[in-house]
Amino acid sequence: MTGDPSRWIRRFQLGPGGGSRLVCFPHAGGAASFYVPFARALAGVAEVGGVQYPGRQDRRAEPPVTSIGALADQIAAVLHPLPDRPTAFFGHSMGAVVAFEVIRRLEARGGPVPFLLFASGRRAPSARPTGSVHRGDDAALVAEITSLGGTDPRVLADPELRSIILPPTRADYRAIETYQAEPGATISTPVTALVGDADRAATPVEAAGWKDHTTGAFDLRVFPGGHFYLVDRQAEVVDAVTAGLRAGVTAGPA
């Protein structure tokens with residue numbers, strides 16, 4: 001890897017020898033630590049790490065990035081070349097398109113790419129941008145975060161914590177609300193789209209659009225729940241991810 005991976009990647013556990021590696025990309029306003037329970041559940045399957053975007057937790061002093069492309073550029077520079085262990089990406093919501101754009105950049109560099117992308121809770125990259133939450137006041141932003149779930153209401157009710165959380169969250173919303181993939185953008189990495197059946201931010205029909213963005217295999221998995229279905233349905237999601245990781249390692253690199 002080039003650059004300083006320790007700035008960007010939080011490694012939660014090593015996983016079994018000879019197994020795969022799963023790099024997880026957080027949602028808008030999220031941090032690498034969101035994936036700690038996920039990593040524990042996958043401890044016997046893969047080494048799991050989370051991407052830490054600027055502007056949050058231990059990178060709070062750094063300005064957040066307001067463009068998906070700029071964020072992907074920086075992460076791809078850190079992840080190139082991919083490590084020798086077979087690697088897959090998991091991205092939830094905004095993290096799904098960040099992961100997609102990182103793969104596009106890794107492909108452009110001519111190096112190895114992940115053998116699988118799990119795209120969770122997100123419309124296809126070609127979907128037209130919607131929403132203007134990033135332009136609203138703090139009350140509107142808090143209302144949006146609350147409506148999606150995934151954040152403890154007590155955190156949003158605390159003025160001091162809210163002042164820490166809202167700036168990077170607003171930057172993330174600006175990034176995702178102004179993002180649309182280039183026409184015909186595809187990756188060779190197979191894609192498994194995962195979505196909650198009651199997710200108002202990404203319906204199963206919208207998630208199915210990911211099939212147009214890979215030249216590899218595509219699968220759609222629908223789970224009971226809303227935008228943060230993966231919290232309430234962790235066991236089922238872990239089972240699906242485990243199956244994908246094991247099948248990918250058996251099949252070899254993408």
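All of the points below concern the structure found in this document.

What counts as what
- Residues numbered from 1 in each chain as written.
- Predicted model: local features only at pLDDT ≥ 70, side-chain atom pairs only at ≥ 80, totals over all residues.
- Heavy atoms only, no water.
- Helix = DSSP H or I, 4+ residues; strand = E, 2+ residues; numbered from the N terminus.
- Rg over C-alpha atoms; globule rule 2.2 N^0.38 Å.
- Buried < 20%, exposed > 50% of the residue type's maximum accessible area, 1.4 Å probe, protein only.
- Areas by Shrake-Rupley, 256 points an atom, 1.4 Å probe, with all protein chains shown as cover.
- Axes fitted to C-alpha atoms, helices over the stretch in contact; angles between N-to-C directions.
- Parallel < 35°, antiparallel > 145°, perpendicular 65-115°, else oblique.
- Contact = heavy atoms within 4.5 Å.
- Nonpolar A, V, L, I, M, F, W, Y, C, P; charged D, E, K, R; others polar.
- Polar contact = N/O pair within 3.5 Å; in protein donor to acceptor, adjacent residues only side chain to side chain.
- Salt bridge = Lys/Arg side-chain N within 4 Å of Asp/Glu carboxyl O.
- Core = buried A, V, L, I, M, F, W, Y, C linked by side-chain atoms within 4.5 Å.
- Arc of directions from axis to C-beta.
- Expected span 1.5 Å × (residues − 1).

### Remarks on the overall build of the protein chain
On a plain count of helices and strands, the protein chain comes out with 10 helices and 7 strands. Whereas a compact globule of 254 residues would reach a radius of gyration of roughly 18 Å, the protein chain reaches 17 Å, a difference of no more than 12%. C-alpha extents for the protein chain along the principal axes are approximately 50 × 40 × 35 Å. Taking all 254 residues of the protein chain together, the buried fraction comes to 50%. When the accessible area of the protein chain is evaluated, it comes to approximately 10,800 Å², of which 53% is carbon and sulfur surface.

### What about the packing of helix α5 (residues 138-148) against helix α7 (residues 159-177)?
Following both chains from N to C, one finds α5 and α7 inclined at 85°, their axes separated by 11 Å at the closest point. It follows from the interaxial angle that α5 and α7 lie roughly perpendicular. Between α5 and α7, the residues in contact are Asp138, Leu141, Val142, Glu144, Ile145 and Leu148 and Arg162, Leu166, Thr169, Arg170 and Tyr173, respectively. Broken down by class, the residue content of the contact of α5 with α7 amounts to 6 nonpolar, 1 polar and 4 charged.

### Digging into the side chain of Arg104
Structurally, the position occupied by Arg104 is in helix α4 (residues 94-108). Side-chain polar atoms of Arg104 contact the side chain of Glu101, separated by 3.1 Å.

### Brief notes about the pattern of salt bridges
Working definition: two side chains of opposite charge can pair if their charged atoms are close together. A complete count under the given rule lists 15 salt bridges for this structure. Between Glu182 and Arg104 there is a salt bridge whose closest N-O contact spans 3.2 Å. You can see Glu182 sitting in the loop between α7 and β6 (191-196) and its partner Arg104 sitting in helix α4, a full 78 residues away along the chain. Glu236 serves as the salt-bridge partner of Arg233, at 3.0 Å between the closest nitrogen and oxygen. The exposure class of Arg233 is partly exposed, given its relative accessible area of 31%. When its relative accessible area of 32% is taken as the criterion, Glu236 is described as partly exposed. Linked by salt bridges that have partners in common, Asp73, Glu101, Arg104, Arg105 and Glu182 make up one network.

### Brief notes about the nonpolar core
Core analysis: the biggest nonpolar cluster contains 74 residues, and Leu22, Phe25, Phe89 and Phe90 have the highest contact counts within it. Broken down by element, the residue count for this core peaks at 9 residues, all from α4. For Phe90, the residues in contact, after removing those within four places along its chain, are Leu22, Val23, Cys24, Phe25, Tyr35, Phe38, Phe118, Ser120, Leu194, Leu230, Val237 and Val241.

### Overview of α5
Every buried residue of α5 is listed here: Leu141, Val142, Glu144, Ile145 and Leu148. For α5, the arc enclosing every buried residue in end-on projection is 160°, short of the 170-degree limit, so these residues lie on one face. Buried residues along α5 sit against α6 (153-157) and α7. The first or second residue beyond α5 is Gly149, which carries a positive phi of 75°.

### Re the side chain of Glu144
Structurally, Glu144 can be placed in helix α5. A distance of 3.4 Å separates a polar atom in the side chain of Glu144 from a polar atom in the side chain of Arg200. Residues within four places of Glu144 in sequence aside, it is in contact with Val133, Tyr173 and Arg200.

### Comments concerning the environment of Ser120
With respect to the helices and strands, Ser120 occurs in strand β5 (residues 117-120). Its relative accessible area of 0% is what places Ser120 among the buried residues. Each C-alpha atom of the pair Ser120 and Ala207 lies 8.3 Å from the other, and the pair is 87 residues apart in sequence.

### A few points about helix α3 (residues 68-79)
The first and last C-alpha atoms of α3 sit 16 Å apart over 12 residues, in line with the 16 Å expected at 1.5 Å per residue. Three or more residues of α3 are buried, namely Ile68, Leu71, Ala72, Ile75, Ala76, Val78 and Leu79. Angularly, the buried residues of α3 cover 155° about the axis, an arc narrow enough to put them on a single face. Sitting at the head of α3, Ser67 places a side-chain oxygen 3.3 Å from the backbone nitrogen of Gly69.

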